[in-house]
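# Structural description and commentary
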Amino acid sequence: MNAHFPHASRLIYGCMGLGGGWNNDPVTKAVVTQARSIIDAVLDLDINVFDHADIYTFGKAETAFGEALKQAPELKEKMLIQSKCAIRFEDDLGPKRYDFSAKHIHTSVEGILSRLGIEQLDILLLHRPDPLMELEEVAGTLLLLQQQGKIKHVGVSNMHGHQINYLQSALSTPIVANQLEMSLGFRDWLEDGITSNSAANRNIGYAPGTLEYCMMNNVQLQAWGSLAQGKYTGAKTETNSDAATAELVAQLASEYQTTPEAIVLAWLMRHPANIAPVLGSTNIERIKSSHKALDVHLSREHWYKLFEAARGLEMP
């Protein structure tokens, strides 16, 4: 994973699909059984990092996971568990919003630990940047949670390098991870670097230097949406370049004697930033297909060929 977690797997299992759906239905025995079977399958593949958020299926993903852990408490020793907080959905108090207030972060962590049935999170990630963040308040809250033993490390999600640097300035503990959307289908993190000094850069909107900041400061890059919603591995394609890319992915899967999912993830993992893809599928066969990425090292030429196909243009 990174220097902070030498025994962590390169792939991360994202638990957003657990819990039985984004509704108010109760967590049933079947939902817990599904969570347990996925946990077992993922651990069998030596994937030991599990990614949660307090909002996933309205808290039910964590509840189902926690119930599965109660059945086999010994599994906890094999895991690194992270969760995220700060997104609040529309409610009686106001619209959808982000909340870095001390009260909300603290309450969220208590809820996360309770639902998961654990005493400490390996990493707490702040889910999306709150424009109303009071720096000292957030830093004090995170320090207190560490001192109380409720969180081990601090991470962020969907933040650019300047924001991480600003938050880090008030923290005595290192920010260890930044979870961003990164995939062959979402390439702004790469386009920013290759189109600088050209008109093509004007519409990207990706904060320059984020990748470099994370690489220089040992902030692990975790990629959500890493399979690009399956558009190169069997889902319906919308554009000619998507269709051409899916065809190329299939050709390379044949050439490397692996799966299309492995090719898409291997493209991401070929980057020197040591990106850790988050796998969100609840289909165990698809998880196994994705896991094969660990055995694929794309050539430089194939990497660029995929990049060119996905962007629909040759390199500048």
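Structure shown above.
Below is a summary of the structure that appears in this document. (Residues numbered from 1 in each chain as written. Predicted model: local features only at pLDDT ≥ 70, side-chain atom pairs only at ≥ 80, totals over all residues. Heavy atoms only, no water.)

Moving on to helix α5 (residues 161-168). Counting along an α-helix, one turn takes 3.6 residues, and residues three or four places apart therefore face a common direction. Those residues of α5 not exposed but buried are G161, I164 and L167. The buried residues of α5 occupy an angular sector of 130° when the element is viewed end-on, so they sit on one face. Elements in contact with the buried residues of α5: β6 (121-126), α4 (135-147), β7 (151-157), β8 (175-181) and α7 (210-216). (Buried < 20%, exposed > 50% of the residue type's maximum accessible area, 1.4 Å probe, protein only. Helix = DSSP H or I, 4+ residues; strand = E, 2+ residues; numbered from the N terminus. Arc of directions from axis to C-beta. Contact = heavy atoms within 4.5 Å.)

Take V249: it is sitting in helix α8 (residues 240-255). For V249, a relative accessible area of 0% gives the class buried. Once residues lying within four places of it in the same chain are set aside, the contact partners of V249 are L184, Y232, P260, I263, V264 and L306.

Moving on: the pairing of β7. Across the 7 residues that make up β7, a large majority, 6, are buried. On the question of chirality, the crossover connecting β6 to the parallel β7 by way of α4 is right-handed. Inspection of the sheet shows β7 paired to β8 by 3 bridges, in the parallel sense. Considered in β8, the bridge of S157 is made with Q179. (Right-handed = clockwise from strand over helix to strand, strands pointing away. Pairing = 2+ DSSP bridges.)

Formed by 92 residues in total, the largest nonpolar core has its most connected members in Y13, F65, L124, L167 and W267. Of the residues forming this core, the biggest block, 8 residues, is contributed by helix α9 (residues 260-269). The contacts of F65, once residues within four sequence positions are left out, are C15, L18, A35, I39, F50, H52, M79, I81 and L116. Judged by nonpolar contacts, the second largest core, of 11 residues, contains I12, V49, L80 and V176. (Core = buried A, V, L, I, M, F, W, Y, C linked by side-chain atoms within 4.5 Å.)

The next thing to look at is the packing of aromatic side chains. Applying the stated criterion across every chain, the model contains 10 aromatic pairs. With a centroid separation of 6.3 Å and an interplanar angle of 75°, the aromatic rings of W22 and F89 are classed as edge-to-face. Linking W22 in the loop between β1 (12-14) and α1 (29-44) with F89 in the loop between β4 (87-88) and β5 (97-98), this pair joins segments that are 67 residues apart in sequence. For F89, a relative accessible area of 32% corresponds to the partly exposed category. Ring geometry for W189 and W267: centres 6.0 Å apart, planes at 70°, overall edge-to-face. With W189 in helix α6 (residues 188-194) and W267 in helix α9, this residue pair connects regions lying 78 residues apart in the sequence. (Phe/Tyr/Trp six-rings, centres within 6.5 Å; stacked < 30°, edge-to-face > 60°.)

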